[in-house]
Amino acid sequence: MPRLIVVLGDQLSPALASLQQLLPDDIIMLAEVGQEASYVKHHKHKIILLFSAMRHFAATLQQQGYQVCYIKYGDIAEIISMTDAVLHVLAQHPAVTTVIITECGEYRLQQEILSWQQLLTVPVTILGDDRFICDLARFARWAKGKKQLRMEYFYRDMRRYTGLLMQGDKPEGGKWNYDSDNRKAWPEQQQPDAPLSFAPDAITAEVAELVQQQFAANMGRSDNFSYAVTGKEARAAFLHFVKQQLPQFGDYQDAMRLEQPFLQHSICSAYLNCGLLDVRWMCNKVQQAYQQGLVPLNAAEGFIRQLIGWREYVRGLYWLKMPAYKQNNFLHAERALPGYYWHGNTSMRCMQQAIKSTIDHAYSHHIQRLMITGNFALLAGLSVDEMTDWYLAVYADAYEWVELPNTLGMALFADGGMLASKPYAASGAYINRMSNYCKHCSYNVKNITGQDACPFNALYWDFLQRNQQRLSANPRLALAYANWHKRSDEDKAHILAKAAQTLDTLEQL
Ligand code: DLZ
Ligand code: SF4
């Protein structure tokens, strides 16, 4: 008797729990549906990546002899949601005895899937997603009774649990974390190696055409797509990174450079988050490269921390705290997003660069997301709802489990410090230290007031002043507040007036 195995667009892993149970009679369903493709205005590259990778994944299963029911976008007008798709396939295959699905990545869709238990005439089995190393029960046990859920302690547990970069029960090299080595600015003359890119094949070209027709108004272009769309290609892209970029990944993790959107970053998060790459395989490759003396410890440790520390931690936190987490707005940030978040036309060179790479590649690296577009939103008090929707829409790697804690918690401090120990607020000086943007900007990073002053500067002080009641007790902000209070009343008034004027003319910056 066949069972129906439902595979979602970010579950494209042969080792997926539900596919591990596959029997010869079973039917596998993948569906391109309007609701998933439109719950935010996804970047064109994100939709092309998923639809093309889904079609390739389905074709491989078919070649292996499995029965796959694939619903293409728009082929059956009545199918709008995953629920519609499941009902449609069940009606076509009345012999199906049960529906099997691996737990999904977003609370919104989880609620829909849970409703199937009542809606469908056959039972529904939801399996845990063991593509993550830390299952949700393990995370909940770790979190239980803790006042603060600090990533660093979770990460150490994960190092012990996985044995990655461990010498017995001691961390490799004697320290858990080498981040203090990882803040170098990019050297003036150095040219980064490009990440591996892939010319669209016939399947991708067809999908790109579809996306151009159906999602014309969404961010990005459909004629410059170059992501991997199969597991094989994604593994090649990652191995290229390990060889070419990883050796210097640590050193320049936080660096930013004009017209260089990728630097030493892997650009593999989109592959990992839709299932084309496996986290354990990636970590083992990085560890091997370290053991073979091909990459230094600060690079290997920094990269592995992103995967088994940060990534697993935000996923655990998301499921532990949802749905209430999404309602947080600790700093009462409500201001509308200026238009340049969508088109990138701003004289602020740093913002223009971060948004340009977002438009061109559905990608910008973590420090651009945190310290440029995120920092600006934090300082200007931009709406948490609008910002979280923006991040979810514009990045090819974004699903709510990873996007929400990173945006709402880390970048916007809207959870009041559940995730970050302080707001990542910074003036232009930080951006100037970590990039060459300010040298090519019409604003002057040294000035706080005056016509040409860098907008980040007055906004930074205004942020501290207007949130004084909520933030001044934070010991990690003590120095910043002391510096603010040292200023004369006249000085403060000038700065706050400049910030008010900046906020009034936000759209024109
Ligand atoms: C993001 C996305 C998009 C754009 N389209 C689809 C789709 O048509 N079909 C599908 O199964 N999944 C899609 N996804 C990914 C889902 O939104 C994702 O599985 C959930 O957000 C849970 O992480
Ligand atoms: Fe950004 Fe200010 Fe530097 Fe211009 S001067 S690039 S606005 S930080």
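Residues numbered from 1 in each chain as written. Chains lettered and ligands numbered in written order. Predicted model: local features only at pLDDT ≥ 70, side-chain atom pairs only at ≥ 80, totals over all residues.

Per an unreviewed UniProt entry, the protein chain goes by Cryptochrome/photolyase family protein and derives from Rheinheimera aquimaris.

Novice: So what exactly am I meant to see when it comes to the overall build of the protein chain here?
Specialist: What the protein chain contains, in helices and strands, is 23 helices and 7 strands. What you see for the protein chain is a C-alpha radius of gyration of 24 Å, in line with the 23 Å of a compact globule of 509 residues. Taking the principal axes of its C-alpha atoms as reference, the protein chain extends roughly 80 × 55 × 50 Å. (Helix = DSSP H or I, 4+ residues; strand = E, 2+ residues; numbered from the N terminus. Rg over C-alpha atoms; globule rule 2.2 N^0.38 Å.)

Novice: Teacher, can you tell me more about the pairing of strand β5 (residues 124–127) here?
Specialist: Consecutive residues of a regular strand have side chains that alternate between opposite faces of the sheet. As defined by bridge partners, strand β4 (residues 99–102) adjoins β5 across 4 bridges and the pair is classed as parallel. Directly across from isoleucine 101, in β5, lies its bridge partner isoleucine 126. On the question of chirality, the crossover connecting β4 to the parallel β5 by way of helix α5 (residues 107–119) is right-handed. (Pairing = 2+ DSSP bridges. Right-handed = clockwise from strand over helix to strand, strands pointing away.)

Novice: Quick question: what am I supposed to make of the sheet that holds strand β2 (residues 27–31) here?
Specialist: Paired through backbone hydrogen bonds, the strands of a sheet run either parallel or antiparallel to each other. Read across the sheet, 5 strands follow the order β3-β2-β1-β4-β5 without closing on themselves; strand pairing throughout is parallel. The open sheet is flanked by β3 (67–71) and β5, the only strands paired with a single partner. Neighbour to neighbour, the strand axes of the sheet diverge by 25° on average, direction disregarded. Pairing between strand β1 (residues 4–6) and β4: 3 bridges, direction parallel. Counted as the bridge partner of leucine 4 is valine 99 from β4. Against the sheet, helix α4 (residues 82–92) touches β1, β2, β3 and β4, its axis set at about 145° to β2. (Axes fitted to C-alpha atoms, helices over the stretch in contact; angles between N-to-C directions. Contact = placed C-beta atoms within 7 Å.)

Novice: I tried to follow helix α16 (residues 366–380) on my own but got confused; where do I start?
Specialist: Owing to its 3.6 residues per turn, the α-helix aligns residues three or four sequence positions apart on the same side. Along its 15 residues, α16 runs 20 Å from first to last C-alpha, staying within 8% of the 21 Å computed at 1.5 Å per residue. The largest bend in α16 amounts to roughly 40° and is located at glycine 374. Along α16, 13 of the 15 residues are buried, which leaves the element largely enclosed by surrounding structure. Of the residues flanking the end of α16, it is glycine 381, one or two places downstream, whose phi is positive at about 65°. (Expected span 1.5 Å × (residues − 1). Bend = angle between axes of the 7 residues up to and from the residue. Buried ≥ 20, exposed ≤ 12 C-beta atoms within 10 Å, placed from the backbone.)

Novice: Could you clarify how one ought to interpret the domain arrangement of the protein chain in this entry?
Specialist: By a widespread convention, an interface's size corresponds to the accessible area lost as its parts come together. The domains assigned to the protein chain are domain 1 (4–127), domain 2 (136–197 + 228–320) and domain 3 (340–508). Each side of the interface is counted separately: domain 2 has 19 residues, and domain 3 has 24 residues. Those elements giving two or more residues to the side of domain 2 that touches domain 3 turn out to be α11 (269–274) and α13 (297–321). It is α13 that contributes the most residues to the side of domain 2 that touches domain 3, 5 residues altogether. Considering only residue class, the side of domain 2 that touches domain 3 consists of 12 nonpolar, 3 polar and 4 charged. (Domains from an automatic or database assignment. Nonpolar A, V, L, I, M, F, W, Y, C, P; charged D, E, K, R; others polar.)

Novice: I'm lost on the site of ligand 2 in this one. Help?
Specialist: In the region of ligand 2, 14 residues are neighbours, and Cys350, Gly428, Cys438, Cys441 and Cys454 sit closest. Listing elements by their share of the shell around ligand 2, those giving two or more residues are α15 (349–361), α19 (428–434) and α20 (455–466). A total of 3 residues in the shell around ligand 2 trace back to one element, the largest contributor, which is α19. Considered class by class, the residues forming the shell around ligand 2 number 11 nonpolar, 2 polar and 1 charged. (Near = placed C-beta within 6 Å.)

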